[in-house]
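Now for the letters of each chain:
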Amino acid sequence: MKTACINAMAVRGLLLHAATRIEAAEAELNGFDSAIGDGDHGITMRLGFQAMRRRLSELPEGMAIGQVLREAGKAFMGSTGGAIGVLLGRALINAGAAIPEAQDVGPDELKKVFGAMERAVAETGKAKPGDKTMLDPLHAINEVLSGSDGDVCELLSIAAQVAQTAARGTANMVCRLGRASRLGDRVLGHPDPGAMSFALIVAAFAEQARSLSQSTQVAHI
Ligand SMILES: [Mg+2]
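Reference entry: report on the structure contained in this document. Please read all numbers here as calculations on a predicted model, not as lab measurements.

Reading guide: rules and limits
Residues numbered from 1 in each chain as written. Predicted model: local features only at pLDDT ≥ 70, side-chain atom pairs only at ≥ 80, totals over all residues. Helix = DSSP H or I, 4+ residues; strand = E, 2+ residues; numbered from the N terminus. Rg over C-alpha atoms; globule rule 2.2 N^0.38 Å. Buried ≥ 20, exposed ≤ 12 C-beta atoms within 10 Å, placed from the backbone. Axes fitted to C-alpha atoms, helices over the stretch in contact; angles between N-to-C directions. Parallel < 35°, antiparallel > 145°, perpendicular 65-115°, else oblique. Left-handed = near helix turned anticlockwise from the far one by under 90°. Contact = placed C-beta atoms within 7 Å. Nonpolar A, V, L, I, M, F, W, Y, C, P; charged D, E, K, R; others polar. Core = buried A, V, L, I, M, F, W, Y, C linked by C-beta atoms within 7 Å. Expected span 1.5 Å × (residues − 1).

Observations concerning the overall build of the protein
And then number 1: Per the secondary structure count, the protein includes nine helices and two strands.
And then number 2: Here the C-alpha atoms of the protein give a radius of gyration of 17 Å, agreeing with the 17 Å that 2.2 N^0.38 yields for 221 residues.
And then number 3: With respect to the principal axes defined by its C-alpha atoms, the protein has extents near 55 × 35 × 30 Å.
And then number 4: Expressed as a percentage of its 221 residues, the buried residues of the protein come to 49%.

Notes on the packing of helix 6 (residues 107-125) against helix 8 (residues 152-169)
And then number 1: Running from N to C, helix 6 and helix 8 cross one another at 30 degrees; their axes reach a closest spacing of 9 Å. By the angle between their axes, helix 6 is roughly parallel relative to helix 8. As helix 6 runs across helix 8, the sense of the crossing is right-handed. Residues Pro107, Leu110 and Phe114 of helix 6 lie in contact with helix 8, whose contacting residues are Val152, Leu155 and Ala159.
And then number 2: Of the residues that constitute the contact of helix 6 with helix 8, the class distribution is six nonpolar, no polar and no charged.

A word on the environment of Leu92
And then number 1: Inspection of the secondary structure puts Leu92 in helix 5 (residues 82-98).
And then number 2: A tally of 26 C-beta atoms within 10 Å means that Leu92 is categorised as buried.
And then number 3: Leu92 has contacts with Leu69, Ala72, Gly73 and Phe76, leaving out every residue within four places of it along the chain.

Here we look at the packing of helix 1 (residues 8-24) against helix 3 (residues 41-58)
And then number 1: Between helix 1 and helix 3, whose axes approach to 9 Å, the crossing angle comes to 150 degrees. With respect to helix 3, the axis of helix 1 lies roughly antiparallel. For the crossing formed where helix 1 meets helix 3, the hand is left-handed. Contacts from Arg12, Leu15, Leu16, Ala18, Ala19, Ile22 and Glu23 in helix 1 reach Met45, Arg46, Phe49, Met52, Arg53 and Leu56 in helix 3.
And then number 2: Classifying every residue of the contact of helix 1 with helix 3 gives nine nonpolar, no polar and four charged.

A few points about helix 7 (residues 135-145)
And then number 1: In terms of burial, helix 7 is largely enclosed, as eight of its 11 residues are buried.
And then number 2: Among the residues making up helix 7, those that are buried are Leu135, Asp136, Pro137, Leu138, His139, Ala140, Ile141 and Leu145.

Comments concerning the nonpolar core
And then number 1: Counting residues in hydrophobic clusters, the biggest one holds 68 residues, and the most contacted among them are Ala159, Ala163 and Val202.
And then number 2: If you tally residues by element for this core, the top one is helix 9 (residues 193-220), at 12 residues.

Structural notes on helix 4 (residues 65-79)
And then number 1: Between its first and last C-alpha, helix 4 extends 21 Å over 15 residues, near the 21 Å set by a 1.5 Å rise per residue.
And then number 2: Counting buried residues in helix 4 gives 11 out of 15 residues, a clear majority hidden from the surface.
And then number 3: Every buried residue of helix 4 is listed here: Ile65, Gly66, Val68, Leu69, Arg70, Glu71, Ala72, Gly73, Ala75, Phe76 and Met77.
And then number 4: On its buried side, helix 4 packs onto helix 1, helix 3, helix 5 and strand 2 (104-105).

Let's talk about the environment of Arg46
And then number 1: If you trace the backbone, Arg46 turns up in helix 3.
And then number 2: Judged by the 19 C-beta atoms lying within 10 Å of it, Arg46 is partly exposed.
And then number 3: The sequence separation of Arg46 and Ser34 amounts to 12 residues, and the corresponding C-alpha distance is 16 Å.

Section: unusual backbone geometry
And then number 1: Although it is not a glycine, Lys126 adopts a positive phi angle of roughly 55 degrees.
And then number 2: Using a count of 12 C-beta atoms within 10 Å as the deciding quantity, one classes Lys126 as exposed.
And then number 3: A positive phi is found at Lys132, a non-glycine position, where the angle reads about 65 degrees.
And then number 4: Topologically, Lys132 is positioned in the loop between helix 6 and helix 7.
And then number 5: Taking the C-beta count within 10 Å as the criterion, Lys132 has 27 such neighbours and is therefore assigned buried.

Quick look at the structure:
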């Protein structure tokens, strides 16, 4: 038994699970940032996801997926300072705009969402793959998904694995953008905090989708 698609309420569930995972990882994410920045990435991410959680609880039940993603992005962007607020906020807003009519997220919609997120981050952050940013896991996801078939649950699992590998791989890169670009080779050995938190978000999506598909199986037995 497979979960063909993720409906609008389930998309909210994915975002809420990501919020839970980000909140729990606050100290770890601060730690990644203190190695190459000012040590506040976990705090910033927690504040953004808490604001998103509040906004999601206020949205009407029948709201379309594109709108839910847009509201989530606006809430994140409005509550977090720094580059990550704009980058992840814009990524979510553009993800919503990429599937305006969708009633469910299936494989095609998932690929559109990740594609739109990559373009948003590349344009907003003026980043390229290899610049040691959250674009690196996003780019890796899209490279792999363009040649992958499967249901949305399987594709999210694949995305989570490649995102984790790509985020850890940023440890071998120097920063070409932002304050940490002044640190040169001193950032080697440390992964980019935004890449690590993005990989965690995708891992949370995959976990939640898997648990939904398992509960669907139970319902069908
Ligand atoms: Mg920081």
